[in-house]
Amino acid sequence: MTGPAAKTWRVGIAGLGTVGAGLLNLLSDRPEFAPAGGRVAIGGVSARSRSRPRPFDISNLPWFDDPVALATSSEVDLFVELIGGSDGPAKAAVEAALAAGKPVVTANKALIAEHGAELAALAEQRGAPLLFEAAVMGGTPAVKMLREAMVGDEIKSVAGILNGTCNYILTEMEATGRPFAEVLAEAQRLGYAEADPTMDVGGFDAAHKISILAALAFGCAPNFAAAEIEGIDQVELLDIRLARDLGYRIKLVASADRSPDGVLVRVHPSLAPLSHPLAQAGGALNALFIEGARIGRIFLQGPGAGAGPTAAAVAADIADVMTGAVRPVFQAPAATLAAFTPVEPSKSVGRAYLRFLVRDEPGVIAAVSETLAEAGVSIESFLQKPVEDAGGVPIVLTTHAVAESVLKAAIERIAGLPAVIDRPRLLRIARI
Ligand SMILES: NC(=O)c1ccc[n+]([C@@H]2O[C@H](COP(=O)([O-])OP(=O)(O)OC[C@H]3O[C@@H](n4cnc5c(N)ncnc54)[C@H](OP(=O)(O)O)[C@@H]3O)[C@@H](O)[C@H]2O)c1
């Protein structure tokens, strides 16, 4: 007995940069890639420049100057968006494909974090899957983990390292003792960081990703605007060294926590104990903890970017479309997604690392600790260490859990003490 002929899926690929090239290479290297028996054929490609030299031959592929025309072409059954950017041609093409009822696969975290709810509504209204595994952690399957494997549980929190560029820079700063600007310049020369590094080092890329994970974890619409974001551009070598003396490593940690008050989404340079898996994830690695009420803690670690890993995640989504898997875009149908109630960051409670640069004179330590005690901040550990060329004596301490508003009020009072000669530094200790 023979079944119906397996379908050939004609895929339209918009964007032929790092990930687009990775996908074309993957599809040509894996002719056996045939989920559910169906095959993939390239229905057309689009990029900015047709003549730009590329690591593969596109002369035999149908070319579209306009990604929207590719998305709606009758020669395309499935549209893959690998252009990037929250708006502009990427959004226009994704909307056009969904409006035409075509499945969409994208690696675009900015688009999903900023317009995910409206795109999910359009996708579900038109009965077209919208998949974005590659948008978070590149080749490491965080999206499917939350959307599929852990959907039976109630997720309490997700927290991790979601930006490989920042992780690389922090790792290099610690390993080589070079300051942020120097390591960033080298990362740009080596192609690990973009010419405009703001999205990465400013924490925005990690915030896009954690906003998506929060939506998947908690069944709410992504709300990037509510994320509290601090990047690594102000992280100083001195703090990396002093944190290490206290048994910690500084990482850019993105987290989303659910409480009865709502959801708190934040990205901060944070201290992780040296022996903790997040502290051990060095270089460009990504790492993520997911905590479920019943499952407990899951730890994922792997490549968060790169042509091969990211293309493999895109191909996994293409496979889902080909096998006919149907799920809501986020954890619940778009129409029933819970409103995302942001928790006021000042109400959050956690441990902290504080550094004050003070004049070397009697009574300073007493003044700092008295001010903290009066404000209700309890000290966990204390370090006073002469550091060459620091311009004063650094006083470093970690606190027990304290409300952020209380902590900030205390820091302001200490900043006003006559012996304090520089802006105080505050880093959070990761709740992991
Ligand atoms: N790189 C990674 O490792 C990685 C990992 C995870 C997710 N992502 C996401 O994947 C997406 C693509 O990233 P990428 O690193 O591959 O970017 P990229 O290397 O900068 O490539 C972007 C591609 O989009 C094309 N493009 C730009 N404007 C266009 C327009 N108006 N019409 C048609 N094509 C246009 C460019 O054309 P030209 O080639 O002609 O300039 C280029 O081929 C982004 O959303 C990114 O966030 C990337």
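Residues numbered from 1 in each chain as written. Predicted model: local features only at pLDDT ≥ 70, side-chain atom pairs only at ≥ 80, totals over all residues. Heavy atoms only, no water.

K.L.:
Tell me about the pattern of salt bridges, and name the residues and values.
P.N.:
Tallying each qualifying case throughout the model produces 27 salt bridges. The salt bridge partner of arginine 10 is aspartate 77, with a shortest N-O separation of 2.9 Å. With arginine 10 in strand S1 (residues 8-14) and aspartate 77 in the loop between helix H2 (67-72) and strand S3 (78-81), the pair connects residues that are 67 residues apart, well separated along the chain. For aspartate 77, a relative accessible area of 17% corresponds to the buried category. Where lysine 209 meets aspartate 205, a salt bridge forms, and the shortest distance between an N and an O atom there is 2.6 Å. Here the residue lysine 209 and the residue aspartate 205 both occupy positions in helix H9 (residues 204-218), the gap between them amounting to 4 residues, near one helical turn. For lysine 209, a relative accessible area of 4% corresponds to the buried category. Because the salt bridges share partners, they merge into one network encompassing Glu228, Glu230, Arg266, Glu404, Lys408 and Arg428. (Salt bridge = Lys/Arg side-chain N within 4 Å of Asp/Glu carboxyl O. Helix = DSSP H or I, 4+ residues; strand = E, 2+ residues; numbered from the N terminus. Buried < 20%, exposed > 50% of the residue type's maximum accessible area, 1.4 Å probe, protein only.)

K.L.:
Mind laying out the sheet that holds S3, listing which residues take part and the relevant values?
P.N.:
An order of S2-S1-S3-S4-S5 is seen for the 5 strands of this open sheet, with the pairing classed as parallel. One side of each edge strand has no neighbouring strand; the edge strands of this open sheet are strand S2 (39-46) and strand S5 (130-131). As judged from the 3 bridges shared by S3 and strand S4 (residues 104-106), these two strands associate in the parallel manner. The residue of S4 that forms the bridge with phenylalanine 79 is valine 104. Against the sheet, helix H1 (residues 18-29) makes contact with S1, S2 and S3, and its axis sits at roughly 150 degrees relative to S2, the strand it touches most. (Pairing = 2+ DSSP bridges. Contact = heavy atoms within 4.5 Å. Axes fitted to C-alpha atoms, helices over the stretch in contact; angles between N-to-C directions.)

K.L.:
Outline the packing of aromatic side chains, supporting the account with residue identities and numerical values.
P.N.:
A full pass over the atoms with the stated rule returns 3 aromatic pairs. Ring geometry for tyrosine 168 versus tyrosine 192: centroids 4.7 Å apart, planes at 65 degrees, classification edge-to-face. Highlighted residues: tyrosine 168 in helix H6 (residues 164-176) and tyrosine 192 in the loop between helix H7 (180-189) and helix H8 (198-201), separated in sequence by 24 residues. Of the residues examined, tyrosine 168 reaches a relative accessible area of 12% and is grouped as buried. A relative accessible area of 46% means that tyrosine 192 is categorised as partly exposed. Positioned over the ring face of tryptophan 9 is lysine 7, at 3.9 Å from the centre of the ring. Sitting over the ring of phenylalanine 132, arginine 147 keeps its end group 4.9 Å from the ring centre. (Phe/Tyr/Trp six-rings, centres within 6.5 Å; stacked < 30°, edge-to-face > 60°. Lys NZ or Arg CZ within 6 Å of the ring centre and 35° of its normal.)

K.L.:
Can you tell me about the site of the ligand, naming the residues and giving the values?
P.N.:
Close to the ligand lie 23 residues, the nearest being Leu16, Val19, Ser49, Arg52 and Gly306. One nitrogen or oxygen atom from the side chain of arginine 54 is found 2.9 Å from an oxygen atom belonging to the ligand. Within the backbone of glycine 306, a nitrogen or oxygen atom sits 2.7 Å from an oxygen atom of the ligand. Within the complex, the protein chains bury 79% of what would otherwise be the 900 Å² of accessible surface of the ligand. Along the lines of polarity and charge, the residues of the shell around the ligand split into 10 nonpolar, 9 polar and 4 charged. (Near = heavy atom within 4 Å. Polar contact = N/O pair within 3.5 Å; in protein donor to acceptor, adjacent residues only side chain to side chain. Areas by Shrake-Rupley, 256 points an atom, 1.4 Å probe, with all protein chains shown as cover. Nonpolar A, V, L, I, M, F, W, Y, C, P; charged D, E, K, R; others polar.)

K.L.:
With reference to specific residues and values, describe the domain arrangement of the protein.
P.N.:
Domain annotation for the protein reports domain 1 (8-135), domain 2 (142-303 + 335-346) and domain 3 (347-429). Here domain 2 and domain 3 have C-alpha centroids that lie 25 Å from each other. In this assembly, 21 residues from domain 2 lie in contact with 21 residues from domain 3. Taking both partners together, domain 2 and domain 3 bury about 1800 Å²; carbon and sulfur atoms supply 57% of that area. Connecting domain 2 to domain 3 are 5 salt bridges. (Domains from an automatic or database assignment. Buried area = accessible area lost by both parts, 1.4 Å probe.)

K.L.:
Residues and numbers for H6, please.
P.N.:
With 13 residues, H6 extends 18 Å from end C-alpha to end C-alpha; this agrees with the ideal 18 Å at 1.5 Å per step. For H6, the full list of buried residues reads Gly164, Thr165, Cys166, Asn167, Tyr168, Ile169, Leu170, Glu172 and Met173. On the buried face of H6, the contacting elements are strand S6 (155-161), H7, H8, helix H10 (237-245), strand S8 (248-259) and strand S10 (285-292). After H6 finishes, the residue glycine 177 shows a positive phi value of roughly 70 degrees. (Expected span 1.5 Å × (residues − 1).)

K.L.:
Now, about the packing of helix H3 (residues 88-99) against helix H4 (residues 109-126): what can you tell me, with residues and values included?
P.N.:
Their axes nearest at 9 Å, the elements H3 and H4 cross at an angle of 15 degrees. With respect to H4, the axis of H3 lies roughly parallel. The handedness of the crossing between H3 and H4 comes out as right-handed. Of H4, the residues touching H3 (which contributes Lys91, Val94, Glu95, Leu98 and Ala99) are Leu111, His115, Glu118, Leu119, Leu122, Ala123 and Arg126. Counted by class, the contact of H3 with H4 contains 7 nonpolar, 1 polar and 4 charged residues. (Parallel < 35°, antiparallel > 145°, perpendicular 65-115°, else oblique. Left-handed = near helix turned anticlockwise from the far one by under 90°.)

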